[in-house]
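# Results of the structural survey
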Amino acid sequence: MYVIPPPSHHTSDPTTGSTVGDELLRTYQTWKGSNIFFLQGRLIFGPDVRSLGLTIFLIVAPVTTFCIFVARKLMDDFSYNMGLSIMVVAVIFTFCVLVLLLLTSGRDPGIIPRNAHPPEPEGYDGSTEVGGTQTPQLRLPRIKEVEVNGVNVKIKYCDTCMLYRPPRCSHCSICNNCVERFDHHCPWVGQCIGLRNYRFFFMFVFSTTLLCIYVFGFCWVYIKRIMDADETTIWKALVKTPASIVLIVYTFISVWFVGGLTAFHLYLISTNQTTYENFRYRYDRRANPYNKGVVENFQEIFGTTIPPSKNNFRAKVPREQPGLAGRTVGPGFVSPNMGKAMGDIEMGRKATWGEDGASPCEGHILSGDVRNIKDRGTGEISPDLRTTITTEELGERPAIHPRRSSWGRKSGSWEMSPEVLALAARVGESNRACGSSIPGSNV
């Protein structure tokens, strides 16, 4: 299998003849996902990190209103220590919610590093030959089966990350990463929820629910104090504290959202499911291989050590050479989707003409050249052309740009060999014949 060689740290400058060292970059500077980094790679967020500002505002604004218009007034109605504690608890509660939000949003959720090249097919020993010169095409299987607690589980091959995803792993189309124990991508925190931050996500949602109940409850306490002090009805008391009305309505609506989310995730934890699995597989209809019982399921989430990140975003890596950028598939190995007119299932995109600078016409001519040469046989053409054809047939076509192809060109000269000129003439004749056979076409 062809592996991209590491770039040399000392290259020769063609103008001065001196050797210069390649510049080393941090991993986060060469990251191929869609993540956004802060503090030189110490914090990693999703591409929708801007929504985090809205989430913080929706938390801080109502608590600030509560402290100014409700808690401060209750300090006069209760004893000093009791009244002050109402505001202190609200501030501490809010601080804890924001810390949990940052721990959820600003850490690696469990990203699996990408491979530099596709894995070798099982049973390949690197020495298989066909005809003594060609390596056969070995197509990687799209799906494999592994056994988890006595149940066969299917794992899929990810074309983007060039790896077989472990069980419970999925590729997030927003962050463009494979995430372990992928739960979902939460736009409110601007991050994927996975193996390494699910615990903090649940604690954030649960603490936000408690904060809403806390504000909602003390707003009613303040209204009751006004009713008792003025000996008036509840409607007149509400008129005297419009801030309490706004907070009661806001927290009532919010508690249905975050409270319902808390209840749903309590169910998921008790049955050891993820949101992705619950909506896609429906384990209530078949056996769940990950369910260990309620106690052990909760212990797995809250009683185990969070595994370290598999990515060192601050590690120094050599700058990727422009000529070697992109995925390279070695001779004889074919990606499960290579050669198919289909899009990337995970990314939700379709392959289009014009990618990598190729136009439809160029792609058609290149394909026609190969078909004509294959019909003609490789024994009648030059060795250089035969080598290029063999490489094309072995699956390296995506790595060769039609405009940069050097078929039949001698070193230092742009003269084309007679074989290629004859080939081009035959392709032109075939194209004209096809064009004239189409009804209504203009020749």
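Keep in mind that what you see is a predicted model, and the values were worked out from it rather than measured.

Once that is clear, we can look at the confidence of the model for the protein. Summing up the model confidence of the protein, the mean pLDDT is 74 and the portion of residues at 70 or higher is 63%. Contacts from residues 1-21, a stretch scored under 50 in pLDDT, to residues over four places away or in other chains number 33 contacts. The low-confidence segment residues 325-332 (pLDDT under 50) makes 26 contacts with residues lying over four places distant or belonging to another chain.

Throughout the structure, instances matching the rule amount to 17 aromatic pairs. With centroids separated by 4.9 Å and ring planes inclined at 50 degrees, the aromatic side chains of Y214 and F218 adopt a geometry described as tilted. With Y214 and F218 both in helix α3 (residues 198-230) and 4 residues apart, the pair spans about one turn of that helix. A single burial state applies to Y214 and to F218, both of which are buried. Chaining the aromatic ring pairs together yields one cluster made of Y28, W31, F37 and F313. Its end group placed over the ring of Y164, K144 keeps NZ or CZ at 4.3 Å from the ring centre. It is R181 that lies over the ring of Y198; its NZ or CZ is 5.4 Å from the centre.

Turning next to the sheet that holds strand β7 (residues 143-148). Strands belonging to one sheet form pairs held by backbone hydrogen bonds; the direction of such a pair is parallel or antiparallel. Taken together, 3 strands build an open sheet; the order of strands is β7-β8-β9 and the sheet is antiparallel. Strands at the two margins of the open sheet, each flanked by one partner only, are β7 and β9 (163-164). Bridge count between strand β8 (residues 151-158) and β9: 2 bridges; the pairing is antiparallel. Residue pairing for β9: C158 is matched across the bridge by L163.

Geometry of a packed helix pair, given as the angle between the helix axes and the separation of the axes. Interaxial distance between α3 and helix α5 (residues 242-271) falls to 8 Å at its minimum, and their mutual angle equals 150 degrees. Between α3 and α5 lies a crossing of left-handed hand. Partitioning the contact of α3 with α5 into residue classes produces 22 nonpolar, 8 polar and no charged.

All chains considered together, the criterion is met by 6 salt bridges. Residue K310 is joined to E180 by a salt bridge in which the shortest nitrogen-to-oxygen separation is 3.2 Å. Of this pair, K310 sits in the loop between α7 (294-302) and β14 (316-318) while E180 sits in the loop between β11 (177-179) and β12 (184-186); the two residues are 130 residues apart in sequence, bridging distant segments of the chain. Note on K310: relative accessible area 49%, which makes it partly exposed. Ionic pairing is found between K240 and D230, a salt bridge with its closest N-O pair at 2.4 Å. Of this pair, K240 sits in helix α4 (residues 234-240) while D230 sits in helix α3, and the two are 10 residues apart along the sequence.

Glancing now at the pairing of β7. Strand direction decides the pairing type here: β7 and β8, joined by 6 bridges, are antiparallel. In the sheet register, V146 faces β8, and the bridge partner there is V153. Between β7 and β8, which pair antiparallel in sequence order, lie 2 residues; one of them, N149, sits at a positive phi of approximately 50 degrees.

On to the environment of Q40, then. In this structure, Q40 sits in the loop between β4 (36-38) and β5 (43-45). Spatially, the C-alpha atom of Q40 lies 7.3 Å from that of R314, the residues being 274 residues apart in sequence. Residues in contact with Q40, not counting those within four places in the same chain, are Y28 and R314.

Its 30 residues give α5 an end-to-end C-alpha distance of 44 Å, which sits within 8% of 44 Å, the value for a rise of 1.5 Å per residue. Within two residues after α5, N272 carries a phi angle of roughly 55 degrees, on the positive side.

On to the state of the cysteines, then. Here the structure, examined in full by the defined rule, presents 0 disulfides. Distance from the sulfur of C161, which forms no disulfide, to the nearest cysteine sulfur (C178) is 3.6 Å. Left unpaired, C192 is separated from the closest cysteine sulfur, that of C172, by 3.2 Å. Its relative accessible area of 1% is what places C192 among the buried residues.

Attention now moves to the packing of helix α1 (residues 51-77) against α5. Here α1 crosses α5 at 145 degrees, and the two axes come no closer than 10 Å. Crossing hand, α1 versus α5: left-handed. Residue-level inspection shows L58, P62, T65, F66, F69 and V70 of α1 in contact with α5, the latter providing A243, S244, L247 and Y250. Classifying every residue of the contact of α1 with α5 gives 8 nonpolar, 2 polar and no charged.

Criteria and cut-off values
Residues numbered from 1 in each chain as written. Predicted model: local features only at pLDDT ≥ 70, side-chain atom pairs only at ≥ 80, totals over all residues. Heavy atoms only, no water. pLDDT = per-residue confidence, 0-100. Contact = heavy atoms within 4.5 Å. Phe/Tyr/Trp six-rings, centres within 6.5 Å; stacked < 30°, edge-to-face > 60°. Helix = DSSP H or I, 4+ residues; strand = E, 2+ residues; numbered from the N terminus. Buried < 20%, exposed > 50% of the residue type's maximum accessible area, 1.4 Å probe, protein only. Lys NZ or Arg CZ within 6 Å of the ring centre and 35° of its normal. Pairing = 2+ DSSP bridges. Axes fitted to C-alpha atoms, helices over the stretch in contact; angles between N-to-C directions. Left-handed = near helix turned anticlockwise from the far one by under 90°. Nonpolar A, V, L, I, M, F, W, Y, C, P; charged D, E, K, R; others polar. Salt bridge = Lys/Arg side-chain N within 4 Å of Asp/Glu carboxyl O. Expected span 1.5 Å × (residues − 1). Disulfide = S-S within 2.5 Å.

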